Amino acid sequence: MELRDYQTKAVKSVWDYLNDNIGNPVVWAPVGAGKSILMAEGMRQFSRFRHNGRVIMATTSSELVEQNLEKFKLLLPEADMGMYSASKNRKESAQFLFGSVQSLCRNEYLETADLIMVDECHTISNKEGSQWDKFFKIVKNNNKDARVVGYTGTPWRLNDGKIYGKNKFFENICYKIEMRHLLDQGYLCEVVSPPPSIKADLSNVNKTAGDFGGEGLFKSIEEVTKRAVDDFCKRGENRSTWMIFAPSVRNAQYIQECVSKKGISCAIVTDKTTASERMRIIDDLRHFRLRSVVSVGTMTTGIDIPCVDMIVALRPTVSSSLVIQMIGRGMRLYPGKENCLLLDYAHWLEFHGPVDLIQPPEEKSKGSGEAPTKNCPNCQTLIPVQFKQCPVCKNEMPSKEKMYGDYVLSELSALSNSKNYVSNRLEVERAEYSEMKMSDKTSALRIKFFLKGIEKPAIRILYFESKGVAKFGAIAAWKSMTKKNIEKNKKNVGKPLIKTSKTPNSVTEAMKQLDLIALPDYLQVSDQGSHFKIIRIIYND
């Protein structure tokens, strides 16, 4: 397995730090950076210069335990490796041991380890008697010289601030992988966030443990939930897999009921969901047997469902690390997935700013974790979060106290780069249709729209011969562009698309039915360099 350039540098930085310092380092690796690969390669290199050295990879999620073990198998299949996780019914002993802290902390006879790697290390609690505290006491009792390396995409906690620094368990960051770099290099999926039209009034909702209370949110949000469900179900028509974040179990049940009544499959996952049921739901999502899931206080880390292409934010939070984790569930790459749609009904972007700019707080403070910057809602200029007036347009900014009140939904981009900027209407002159051969020997329909007064074309590709989300998107796009559907939709706004002739299953079939396609009047696009990506197709009334 060939490592990416930044992965090679990150692994090297760990050894450099351990050699030159006595403290525990953290590798700051956001979603999509490949933490499993970083740890696996670190273990592989460790085995080369410490033939009998023992390593424990510890984390809080049994899914991550299994995932990290599988990645290590790919790099060093002949190694002595094992798993220690009660939920997986495996309590093994091995040179390279992958375990959950819930199980490891109960093993007083845990064998001596030289190196501990902690995945999602921001979960480490400083509390005396916690599972992490018990685990590290066992480790240090066996080997006081054991070193610890942490890996996380959010190295801070809501009420504690940074997890590294003076008098902290971790000493410093040894390597930081920027989310912006992963996006620019094509290792992460772009996030788009058109402005919704629903808002939740939280002015009378108290906070619990530094964040907005769970059940206390139900009454306020129930008033807008039905309208929100109507809104996101319509916006998600062309999206294959939805992940919905809700503030409480009662609210999640109501959301599930509303979504299910629309004929859309929907499940609920909470911290009370059994491990087996949770895995079944995740597997159903991955294989398109389930369209949507409502999460309550879980499914933010430790899961990999790359086909998720719509995130619905119905859970307000003052935790910026949680926002990164929740949006990150939709940022993984998947064949045929162009972007992830973020529907921000919970004010995430207004309160925390673009997800790729969020940084840890400089010092511990109550309710810490806010992004250090925000966008002026009037001119979109990025300014320090404490500014009460925009220095560019002189717009008065709402105070922090007001932000805790009535949540006015943001029209801000989820990401800071200009690629997410959506143009005004551009007039379409003509279109060309052609077959595009794919590497897997299938074909796709390539539609090139030529815009008035602009040399660069806008391109849409329909993957009729693919599987899963790619084919789903192609069929939905085809239906939306056929003449009969367009004429019907003009008369029945908001009604489901009607069937025309048989939907094409191949490019050959599609090319024979091009007379069904209506040429758009306008497009809204984002600039991709060599071409425009289509955000919205518009037909005259």
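A brief report on the enclosed structure follows. Source: prediction; values computed, not measured.

### Quick look at the overall build of the protein chain
Phase 1 of the analysis: Tallying secondary structure elements over the protein chain gives 15 helices and 25 strands in all.
Phase 2 of the analysis: In the protein chain, which comprises 541 residues, the proportion classed as buried is 55%.
Phase 3 of the analysis: Pairs at least 24 residues apart make up 68% of the contacts formed inside the protein chain by residues separated by at least 6 positions.
Phase 4 of the analysis: Total accessible area on the protein chain stands at roughly 25,100 Å², and carbon and sulfur atoms take up 47% of it.

### Description of the state of the cysteines
Phase 1 of the analysis: Inspection of the entire model under this criterion finds 0 disulfides.
Phase 2 of the analysis: Unpaired in this structure, Cys258 has its nearest cysteine sulfur neighbour in Cys233, at a distance of 8.7 Å.

### A word on the nonpolar core
Phase 1 of the analysis: Judged by nonpolar contacts, the single largest core of 101 residues is most densely connected at Phe135 and Trp348.
Phase 2 of the analysis: Broken down by element, the residue count for this core peaks at 7 residues, all from helix H1 (residues 5–20).
Phase 3 of the analysis: If near-sequence neighbours (up to four positions away) are discounted, Phe135 is found in contact with Ile56, Ala58, Val101, Leu104, Cys105, Leu110 and Ile116.

### Overview of the sheet that holds strand S18 (residues 339–344)
Phase 1 of the analysis: Read across the open sheet, the 6 strands follow the order S11-S18-S17-S14-S16-S15; overall the sheet is parallel. Of all the strands in the sheet, just strand S11 (190–192) and strand S15 (266–269) have a single pairing partner and so form its edges. Within the sheet, the average angular offset between the axes of one strand and its neighbour, ignoring direction, is 20 degrees.
Phase 2 of the analysis: In this structure, strand S14 (residues 242–245) lies alongside strand S17 (residues 310–313), joined through 4 bridges in parallel fashion. Directly across from Ile244, in S17, lies its bridge partner Val312.

### Here we look at the pairing of strand S5 (residues 96–100)
Phase 1 of the analysis: Burial analysis of S5 places 5 of its 5 residues in the buried class, which makes it a mostly covered element.
Phase 2 of the analysis: Burial along S5 is two-sided: Phe96, Phe98 and Ser100 and Leu97 and Gly99, pointing in opposite directions, are all buried.
Phase 3 of the analysis: Pairing of strand S2 (residues 55–59) with S5 involves 5 bridges; the strand directions are parallel. Note that in S5 the partner of Ala58 across the bridge is Gly99.
Phase 4 of the analysis: Relative to S5, strand S3 (residues 81–85) is paired through 4 bridges, and the arrangement is parallel. By the bridge assignment for S5, Gly82 is matched with Leu97.

Scoring rules and cut-offs
- Every chain is numbered independently, its residues counted from 1 as its sequence is written.
- Residue-level local features of this predicted model are given only where pLDDT is at least 70; pairs of side-chain atoms are given and counted only at 80 or more, and the full residue set underlies all totals for whole chains, interfaces and linings.
- As a rule here, side-chain values cover all heavy atoms of the structure and leave hydrogens and water aside.
- Helix and strand assignments follow DSSP, with helices taken as H or I runs no shorter than four residues and strands as E runs no shorter than two, numbered in order from the N terminus.
- Residue burial is assigned from relative accessible area. The probe radius is 1.4 Å, only protein chains are included, and a residue is buried under 20% of its type maximum, exposed over 50%, and partly exposed in between.
- Whether two residues are in contact is decided by their heavy atoms, any of which lying within 4.5 Å being enough.
- Residue-level accessible areas treat just the shown protein chains as cover; the underlying method is Shrake-Rupley with a 1.4 Å probe.
- Note on terminology: disulfide denotes any pair of cysteine sulfur atoms within 2.5 Å.
- In this description, a nonpolar core means a group of buried Ala, Val, Leu, Ile, Met, Phe, Trp, Tyr and Cys residues linked to one another through side-chain atoms lying within 4.5 Å.
- Here, strands pair whenever DSSP counts at least two bridges between them.
- Under this scheme, a helix contributes an axis fitted over its contacting stretch, all axes are lines through C-alpha atoms, and angles between N-to-C directions fall in the 0 to 180 degree range.

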